[in-house]
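Residue-level structural notes
Each chain, letter by letter, is given below.
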Number of protein chains: 4
Amino acid sequence: MRYWKDCWGVNSMYYARVFITLKKSIADPQGNAIKEALLSMKYDGVEDVRMGKLIELKLENPTREEAEENLKDMCEKLLANTVIEDYSYEILEV
Amino acid sequence: MRYWKDCWGVNSMYYARVFITLKKSIADPQGNAIKEALLSMKYDGVEDVRMGKLIELKLENPTREEAEENLKDMCEKLLANTVIEDYSYEILEV
Amino acid sequence: MRYWKDCWGVNSMYYARVFITLKKSIADPQGNAIKEALLSMKYDGVEDVRMGKLIELKLENPTREEAEENLKDMCEKLLANTVIEDYSYEILEV
Amino acid sequence: MRYWKDCWGVNSMYYARVFITLKKSIADPQGNAIKEALLSMKYDGVEDVRMGKLIELKLENPTREEAEENLKDMCEKLLANTVIEDYSYEILEV
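Described in the following lines is the structure provided in the data block. (Residues numbered from 1 in each chain as written. Chains lettered and ligands numbered in written order. Predicted model: local features only at pLDDT ≥ 70, side-chain atom pairs only at ≥ 80, totals over all residues. Heavy atoms only, no water.)

Turning our attention to helix α2 (residues 29–40) of chain C. Residue and element names in this part refer to chain C. Given a rise of 1.5 Å per residue, 12 residues ought to cover 16 Å, and the 16 Å separating the end C-alpha atoms of α2 matches this to within 8%. Residues of α2 that are buried include every one of Pro29, Gln30, Gly31, Ala33, Ile34, Ala37 and Leu38, and no others. Phi for Lys42, located one or two positions after α2, is positive at around 75°. (Helix = DSSP H or I, 4+ residues; strand = E, 2+ residues; numbered from the N terminus. Expected span 1.5 Å × (residues − 1). Buried < 20%, exposed > 50% of the residue type's maximum accessible area, 1.4 Å probe, protein only.)

Turning our attention to the interface of chain B and chain C. Listed by partner, the interface residues are 14 residues for chain B and 14 residues for chain C. Of the roughly 960 Å² buried where chain B meets chain C, counting both sides, 69% is carbon and sulfur surface. When the buried area of chain B at its contact with chain C is split by residue, B:Pro29, B:Leu78 and B:Asn81 rank highest and sum to 46% of it. Where chain B packs against chain C, one counts 0 salt bridges. Those elements giving two or more residues to the side of chain B that touches chain C turn out to be α2 (29–40) and α3 (64–79) of chain B. Among the elements that line the side of chain B that touches chain C, the one with the most residues is α2(B), at 4 residues. (Contact = heavy atoms within 4.5 Å. Buried area = accessible area lost by both parts, 1.4 Å probe. Salt bridge = Lys/Arg side-chain N within 4 Å of Asp/Glu carboxyl O.)

This brings us to α3(B). Every α-helix winds through 3.6 residues per turn, so residues three or four apart in the chain are directed the same way. Between its terminal C-alpha atoms α3(B) stretches only 20 Å, short of the 22 Å expected from 16 residues at 1.5 Å a residue. Among all positions in α3(B), only B:Ala67, B:Asn70, B:Leu71, B:Met74, B:Cys75, B:Leu78 and B:Leu79 are buried. The secondary structure elements touched by the buried residues of α3(B) are α2 (29–40) and β2 (46–61) of chain A, β1 (12–22), β2 (46–61) and β3 (85–93) of chain B together with α2 of chain C.

Before going further, it helps to spend a moment on the interface of chain B and chain A. If you look at the interface, chain B gives 33 residues, while chain A gives 33 residues. Interface of chain B and chain A: buried area, both sides summed, is about 2900 Å²; carbon and sulfur atoms make up 65% of it. Linking chain B to chain A there are 2 salt bridges. The shortest N-O distance in the salt bridge between A:Glu90 and B:Arg17 comes to 3.7 Å. Breaking the side of chain B that touches chain A down by element, the ones donating at least two residues are β1, α2, β2 and α3 of chain B. Broken down by element, the side of chain B that touches chain A gets its largest block of residues, 15 residues, from β2(B). By residue class, the composition of the side of chain B that touches chain A is 18 nonpolar, 4 polar and 11 charged. (Nonpolar A, V, L, I, M, F, W, Y, C, P; charged D, E, K, R; others polar.)

This paragraph deals with the pairing of strand β1 (residues 12–22) of chain D. Residues and elements named next belong to chain D. Among the 11 residues in β1, 9 count as buried, and that is most of the element. By the bridge criterion, 10 bridges tie β1 to strand β2 (residues 46–61) in an arrangement that is antiparallel. What sits directly across from Ala16, in β2, is Leu57. (Pairing = 2+ DSSP bridges.)

For these two chain copies, the linking operation is a rotation about an axis paired with a shift along it. The two copies are related by a screw operation: chain B maps onto chain C through 180° of rotation and 0.0 Å of translation along the axis, at an RMSD of 0.0 Å. With respect to symmetry, the two chain copies, as superposed, fit the operation of a two-fold axis. The rotation axis passes nearest to the C-alpha of B:Ile84 in chain B, at a distance of 4.2 Å. With an isologous cut-off of 70% or more, the 100% of interface residues of chain B that recur at the interface of chain C puts this contact in the isologous class. (Least-squares fit on C-alpha atoms with pLDDT ≥ 70 in both.)

In space, the 6 strands of this open sheet follow the order β3(A)-β1(A)-β2(A)-β2(B)-β1(B)-β3(B), with antiparallel pairing throughout. Looking at the sheet topology across the chains shown, the edges are occupied by β3 (85–93) of chain A together with β3 of chain B. Strand-to-strand twist across the sheet, computed as the mean angle between neighbouring axes with direction ignored, equals 25°. Contacts from α2(B) reach β2 of chain A together with β2 of chain B, with the element oriented near 125° to β2(B). (Axes fitted to C-alpha atoms, helices over the stretch in contact; angles between N-to-C directions.)

So this is what it looks like as structure tokens:
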């Protein structure tokens with residue numbers, strides 16, 4: 001199967017989720033606002049809230065390795081500000 | 001173990017991630033901007049990009065069931081606008 | 001001055017601010033969270049909070065009219081989702 | 001008029017807009033994505049794009065001075081992360 005895809009240039013579709021969060025050391029006012037709001041609504045168990053970004057992508061690439069390599073590259077170059085943000089991702093073949 | 005926690009009111013800590021995305025039927029200009037930018041940077045395999053929110057919570061609750069119930073409630077009442085957004089979540093005991 | 005600019009293709013620099021807000025009819029959970037948080041911090045005068053996006057642009061265009069026309073176009077085509085969002089903008093010549 | 005308001009505790013309504021932007025020294029991936037997207041759509045005059053937050057508030061306060069003082073306080077304590085963000089605001093009496 002992979003053999004044929006490689007020969008014929010058939011790509012697979014990958015669904016990826018990128019999670020971008022402020023680094024732990026950086027204060028997160030939006031997260032705090034949500035935390036305060038939840039506490040004022042009597043959700044007493046809320047210890048901490050952090051707000052981040054979720055970016056969902058559909059990628060058509062020959063292999064999972066290539067999809068993953070591209071994704072890492074995109075995070076570093078466009079999606080995340082690595083000075084103040086951390087990122088992680090998940091890839092799912094569909 | 002659970003027995004003691006129940007008796008003594010010891011709570012467990014749960015780490016939850018809430019994913020909030022615009023409903024499929026709603027156009028996502030920020031996602032489109034990212035898609036166009038990625039295509040212009042020669043990531044040709046990018047088929048679609050959708051931008052969403054990621055909310056990370058630390059919850060202290062007696063049981064996982066209660067944590068989950070609270071979380072669903074928070075999404076409906078505060079975190080998501082269910083007219084234009086979908087939500088889902090993951091809970092992890094830590 | 002304008003004469004020379006027109007003749008010689010010299011562009012002016014414009015600084016623009018685009019304000020994108022959810023339509024009044026659409027609930028704004030992030031704004032509500034901020035409102036609740038502010039009330040819980042004893043800012044009793046807070047009646048309403050709405051969260052929006054601010055996009056700042058530097059544009060190099062021959063005339064203010066062209067800058068404005070482009071800007072309106074960008075809002076409609078890329079920056080705002082006009083089904084759920086309103087937009088407005090300000091242009092400043094610099 | 002002001003006399004009566006002071007005597008009788010009648011508040012005025014203020015409409016405020018808070019502009020929160022990443023500090024100039026901090027890279028803005030979302031702004032860059034929008035810039036690249038606009039350039040790829042042939043808006044050649046786009047020199048720079050920065051993405052920020054717009055927070056609109058309705059405040060009921062006795063005086064404009066108090067509204068402004070509260071607003072500055074809210075920015076420092078909840079709305080902005082002053083390590084990485086700048087803020088400014090406008091107040092309008094309505």
